[in-house]
Structure formats: structure tokens, C-alpha cells
Amino acid sequence: MANTTGNRYRGGWQIIIKDRSICYHCKQEGLKPENKYCPNCGFPQNGTDQEQRKFIIDFRKKKSAIREAKTMVERGRNFLFIVAFLNFISFIGGGTVVLIIGGIISSIYVGLAFWSIRKPFPALLTGLIFYGVLNLFFGILAPMFLLSGIIWKIAIVVALLFALYSVKDIEKLQKETTL
Ligand SMILES: [Zn+2]
């Protein structure tokens, strides 16, 4: 973790670099006076005080953006569990065969939710497509089905889309903050 807890002054913190050969931000050693930027993390070791503070603030912003995006991915995963549950209860009362079909569909959602821990993008995308295809299928069989629980359906699709977008966002932000 970067040491950014310097002394507060004029609304910010003071960046004091005791050893110019060690990166203030990532602690990389062997920096030369002619290197304005740290070759490892890009910190402006020999830049101005303003540039250094801007780097630290941007870095913190990216870190908190990554945290927020991870929350969105988790929400998408939780929605897959919710879909599994809602799907299963909608199959109750139709006899054994119907219940088994419902159980199989719900198991697929649960499987996708667990898979999304390791491979979030393909798992969430598969979940969204599977959900869309099933809704279309049941919608063709019984058009009223599409309208039942429409708020939930919209919430599920939106949560999965946001989660997918967030996975890409995390990848991009993590490339920019390689620490
Ligand atoms: Zn560095």
C-alpha cells in the first residue's frame, strides 16, 4: 500500500521524498535523477509537488472506482441467485415434472452465479442471455408471462448489464493502477 499519509497543509498533504532513488509511491528502488517518472508505477518522482499530488489523488479515485465496480459485479451475481429462487418458486404447484424442470433451470442460474466468481464476464453474459431466451420462450407460450413481475425482470436485466459493464471497467482501471 502506498504511503500517502503525509502531513496536512494547505488543504492537502505534503509529499516528502527522503530518498530520491526509491519511488515514493510504489517503493521501487534504483530511480535515477533523470527519471521524471517512476518506471514501475508512473509516479512523477522528480515532478512538481502539484503533479505528485495529482497522481496520488487520481490513484485513490481509481482505487475507489474499482471498489464500486466490484460491488456492481457482486450485485449482478446476487441477482443470479435471486433469479434462481424466483424461477424455482414459479414452478411449484405444477406437478413433479414441472418442478424438476424448474429445479434444472434454477441449478443453471446457481452454477452461473458461482462461475461468475472466477470468470465474471462470460458467466454474467451467459446468465443474461439464458434469462432473455427463457423469458422469450415462456413469453411466446403465454404472453402474459412477460408482464408478470415486470419490475423484477427489468431490475434483473439492468443489474446484469451494469455488472457486465463493471467487469470491463475493473479491467481497464486495474491496467491503469498496476499496484
Ligand atoms: Zn513507483
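Residues numbered from 1 in each chain as written. Predicted model: local features only at pLDDT ≥ 70, side-chain atom pairs only at ≥ 80, totals over all residues.

1. Describing the overall build of the chain
The test is simple: Numbering of helices and strands starts at the N terminus; helices are DSSP runs of H or I of at least 4 residues and strands are runs of E of at least 2. It is over C-alpha atoms that the radius of gyration is taken, and the globule rule equals 2.2 Å times the number of residues to the power 0.38. With C-beta atoms placed from the backbone, a residue counts as buried when 20 or more other C-beta atoms lie within 10 Å of its own, as exposed when 12 or fewer do, and as partly exposed for counts between those limits. Two residues qualify as a contact pair if the distance between their C-beta atoms, derived from the backbone, is within 7 Å.
Helices and strands together make up the secondary structure of the chain, namely 5 helices and 2 strands. Ordered by position from the N terminus, the helices and strands of the chain form the series β-β-α-α-α-α-α. Relative to the globule expectation of 16 Å for 179 residues, the C-alpha radius of gyration of the chain, 24 Å, shows a markedly less compact shape. Its C-alpha atoms give the chain principal-axis dimensions of roughly 75 × 30 × 20 Å. A total of 179 residues make up the chain; the buried ones form 20% of that total. A fraction of 47% describes how many contacts in the chain between residues 6 or more apart in sequence connect residues 24 or more apart.

2. Describing the nonpolar core
Selection rule: In plain words, the nonpolar core is the set of buried Ala, Val, Leu, Ile, Met, Phe, Trp, Tyr and Cys residues that C-beta atoms within 7 Å link up.
Ranked by size, the top nonpolar core spans 20 residues in total, and within it Leu80, Val83, Leu124, Leu160 and Ala163 carry the most contacts. Looking at which element gives the most residues to this core, the answer is helix H5 (residues 150-176), with 7 residues. Setting aside chain neighbours within four positions, we find Leu80 in contact with Tyr109, Leu112, Ala113, Ser116 and Gly127.

3. Some words on the confidence of the model for the chain
To keep things clear, this is the line we draw: Each residue carries a pLDDT score, the predictor's own confidence in it, on a scale running from 0 to 100.
Of all residues in the chain, 93% have pLDDT values of 70 or greater, and the mean over the chain is 91. Least confident of the elements in the chain is strand S1 (residues 8-9), whose mean pLDDT is 46; most confident is helix H2 (residues 96-118), at 97. The low-confidence segment residues 1-9 (pLDDT under 50) makes 13 contacts with residues lying over four places distant or belonging to another chain.

4. Observations concerning H5
Worth spelling out the cut-off: Multiplying one less than the number of residues by 1.5 Å gives the expected span of a helix.
Its 27 residues place the ends of H5 39 Å apart at the C-alpha level, agreeing with the 39 Å of an ideal helix rising 1.5 Å per residue. Where H5 is buried, its residues contact helix H1 (49-90) and helix H3 (120-141).

5. Re the domain arrangement of the chain
Rule in force here: The split of the chain into domains comes from an automatic or database domain assignment.
Per the domain assignment, the segments making up the chain are domain 1 (1-47) and domain 2 (65-176). For domain 1 versus domain 2, the distance between C-alpha centres works out to 45 Å.

6. Some remarks on unusual backbone geometry
Even without glycine at this site, Lys27 takes up a positive phi of about 65 degrees. Checked against the element boundaries, Lys27 lands in the loop between strand S2 (12-13) and H1.

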